[in-house]
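# Residue-level structure breakdown
Here are the chains, one letter per residue:
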Amino acid sequence: MAFNDLQSFIALLESKGQLIRVKKEVDRHLEITEIADRLVKKDGPAVLFENVKGSPFPLAIGLMGTRERMAWALGSNSLDEVADRIKSLLNVKMGGGLLGMASNLTKLKDLASLPPKRVRTAPVQEVVWRGNEVDLSKIPVLHCWPDDGGPFVTLPLVITKDPISGDYNMGMYRMQVMGKNTTGMHWQRHKTGARHLENAKKLGKRLEVAVALGGDPALIYAATAPLPPVPGLNEYAMTGYLRGQGQPLVKGMTVDLDVPANAEFILEGYVDPNEAWIDEGPFGDHTGFYTPVDKYPLFHVTAVTMRKNPIYPATIVGRPVMEDAYLIEASERIFLAAAQLIVPEIKDYFMPPAGVAHNLVFVAMKKTYPGQAYKVANALFGLGQMMFAKVIVVVDEDFKVTDFDGVWREAALKAVPGFHTLHGRGPIDVLDHSSRQWSYGGKLIIDATTKHPEEKTEDPFTPAPTQDLPALEGILDQWQSPDGYWIVKVQKTRDHQGQELAQELLNSPAASGIRHLLLVDDETDVRDLQDVWWTILNNIDPERDVKVLNGKMYWDGTPKRADEGFHRVWPKKITMPEDIKDKVSRNWADYGLPPL
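These remarks concern the structure in this document. (Residues numbered from 1 in each chain as written. Predicted model: local features only at pLDDT ≥ 70, side-chain atom pairs only at ≥ 80, totals over all residues. Heavy atoms only, no water.)

## Quick notes on empty space enclosed by the protein
Put simply, the test is: Definitions used for this entry: grid spacing 1 Å over protein atoms alone; cavity, a set of points where a 1.4 Å probe fits but cannot get out; pocket, an open set with protein on both sides within 12 Å along at least 5 of 7 lines; lining residue, one with an atom within 4 Å of a point. Grid points are joined across faces, edges and corners, and a volume is the space filled by probe spheres set on the points. Put simply, DSSP H or I for four residues or longer makes a helix, DSSP E for two residues or longer makes a strand, and each gets a number counted from the N terminus. Put simply, Ala, Val, Leu, Ile, Met, Phe, Trp, Tyr, Cys and Pro go in the nonpolar bin, Asp, Glu, Lys and Arg in the charged bin, and everything else, Gly too, in the polar bin.
Under the counting rule described, the total for this entry stands at seven cavities of 30 Å³ or more. There is about 100 Å³ of room inside the largest cavity. If you trace the largest cavity, you find 14 residues lining it, with Ala-36, Val-40, Ile-61, Gly-62 and Glu-323 closest to the centre. Every element with two or more residues in the lining of the largest cavity is listed here: α2 (31–40) and β2 (46–49). No other element matches the three residues that α2 contributes to the lining of the largest cavity. Considered class by class, the residues forming the lining of the largest cavity number eight nonpolar, four polar and two charged.

## As for the environment of Ile-334
Put simply, the rule is: A simple rule labels every residue: compare its accessible area, found with a 1.4 Å probe on the protein chains alone, to the largest value its type can have, and call it buried under 20%, exposed over 50%, or partly exposed in between.
With respect to the secondary-structure elements, Ile-334 resides in helix α9 (residues 324–342). Accessibility expressed as a relative area gives 2% for Ile-334, which makes it buried. Put simply, Ile-334 and Arg-85 are 249 residues apart on the chain and 8.6 Å apart in space, counted from C-alpha to C-alpha.

## Considering the side chain of His-433
Test applied: Polar contact is defined as a pair of N or O atoms within 3.5 Å, subject to the rule that within protein one atom must be able to donate a hydrogen and the other to accept it, and that residues adjacent in sequence are counted only when both atoms are side-chain atoms. Contacts are assigned to residue pairs that have any heavy atoms within 4.5 Å of one another.
Tracing the chain through its elements places His-433 in the loop between β24 (421–427) and β25 (440–447). What makes His-433 buried here is its relative accessible area of 6%. Of note is the side chain of His-433, whose polar atom sits 3.3 Å from the backbone oxygen of Asn-538. Among all residues touching His-433, those that are not within four sequence positions of it are Phe-289, Asn-538, Asn-539, Phe-566, Arg-568, Val-569, Trp-570 and Pro-571.

## Points about the layout of surface pockets
One number sums up the size of the second largest pocket: a volume of about 860 Å³. Considering the residues around the second largest pocket, the lining is formed by 41 residues, among which Val-321, Ala-325, Pro-353, Ala-354 and Gln-530 are closest to the centre. Looking at the lining of the second largest pocket, the elements with two or more residues in it are α3 (67–73), α4 (79–90), α9, β21 (346–350) and α13 (529–539). When residues in the lining of the second largest pocket are grouped by element, the largest group, seven residues, is from α9. When grouped by side-chain class, the residues that make up the lining of the second largest pocket number 20 nonpolar, seven polar and 14 charged.

## As for the pattern of salt bridges
As a reminder of what qualifies: By convention in these notes, a salt bridge is any Lys or Arg side-chain nitrogen within 4 Å of a carboxyl oxygen on Asp or Glu.
Counted by the stated rule, this structure contains 40 salt bridges. A salt bridge links Asp-279 to Lys-295; the shortest N-O distance between them is 2.9 Å. Of this pair, Asp-279 sits in strand β15 (residues 278–280) while Lys-295 sits in strand β18 (residues 294–296), and the two are 16 residues apart along the sequence. Taking relative accessible area as the criterion, Lys-295 reaches 43% and is therefore assigned partly exposed. Its salt-bridge partner being Arg-436, residue Asp-541 comes within 3.8 Å of it at the nearest N-O pair. One end of the pair, Asp-541, is in the loop between α13 and α14 (542–545); the other, Arg-436, is in the loop between β24 and β25, with 105 residues separating them in the sequence. A relative accessible area of 1% places Asp-541 in the buried class. Judged by relative accessible area, which is 31%, Arg-436 ranks as partly exposed.

Shown next, in the form of structure tokens:
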């Protein structure tokens, strides 16, 4: 399967019954989000909204919202097929010392062997808005969640060129629409776009920027991919390899940048590094929480080019599972071979949706000596964007890492808290709201592998949940799972209440048959382990909030307070107003969408 553009991919999905056209008028303010959220959580179809209120352009959403559709977007029938192609390309040698590893590195250059091709005319330049003609309100940019600071472009391919080296970068950074020709540019401190802006400032010049909307779906994926720092390897080259043909590019109309010729829209403009940064946010983010207002650069749009009949592509992020889970899974499969090149003991790994990418990583490894699980986990912490991982759980090579409940069962049975767990510190995703400092916080490794004699402790454990649970002040609900976990919902009203409650519970007889105590907020369902772990992993700094007491481990996933020494903004969980939910429920049949 190969696609010249987004519209040919949409046609394929429609032919396979994986896309439905909605002719009824829908509102870009919240309504589309509620529809898309319901569909993605039920493996529903993608949707093409043909009549978006206040815009002449249709909107497509959920195009890669299942594992199958994500594979099709990359030209394969499964993500494992794509991974096998990469593994064959690398011809990974699991051994041979430094010389053996070095023999593999030259093969990475093959990824750059299909450079993009320049064209003189392009579909995306059939219609051009310049100067005062630019009006971003005509494009159906979504206002996704009720507390968002405004409408956000959620699927942008942001293109910049390093003004010093000339290297191209394409990244996906959300963009809040600020006016008819301005947006925010969410360049976090670790991102390449931010580095390009810093270099422009050193040279005393503006940074030209182009933003592609749509194009080859493999290019949309490539903008999110954690590409290794190989000379000549960029998102265009990665897409060329996935497609088996060079990506067609055209020179921008008002910027000296090569842009995807087959995109739906291109926003051209600049960011001035000497201009004061503006307030951006809040935004209902992929963590499932609102990220608060912060300062980011302002993007000035000087021109918009487009097809004659363009389709605006969008996605939503929020409480998992969302479409971004399948983009993350694609990267897992594609870059597994590269990780094995550096850490050959790795057999497989998985980033569960409950961990919203960086919060949780399950790793299966071939273990041959004591302490090796820590070696593997620490090596992963040093691999590219894996540096942002918060909790890594390591299991034996034959264990299925996608078995979410099973991995946690292994952790309870095989990892004695304090003996087979290890705390550390390092970089944290800037969107993490619970870390001790912005972008810096604690980490945790859990060794749930079978132990060598040197690693064993005299602490046999058999889960034995009880129904006789204590009723203490602040507890709203509680449940003990059959796997050794005690989940407690807490109404927190004072400082250090979580820690004090944990100590009282772990000193009670009810703690004898559990190994982990999980304290969650008053919005969490204690019997929904996905919801529990999603809350826990978002709300902990492992070094501060995960402690060992009486041979048990407690995880304080309650909100942190200023009187506990936490002085950052604690965000709200994303929820949709009831009136929007009711509206969508009433109109569901009129949309022509399948019942869920």
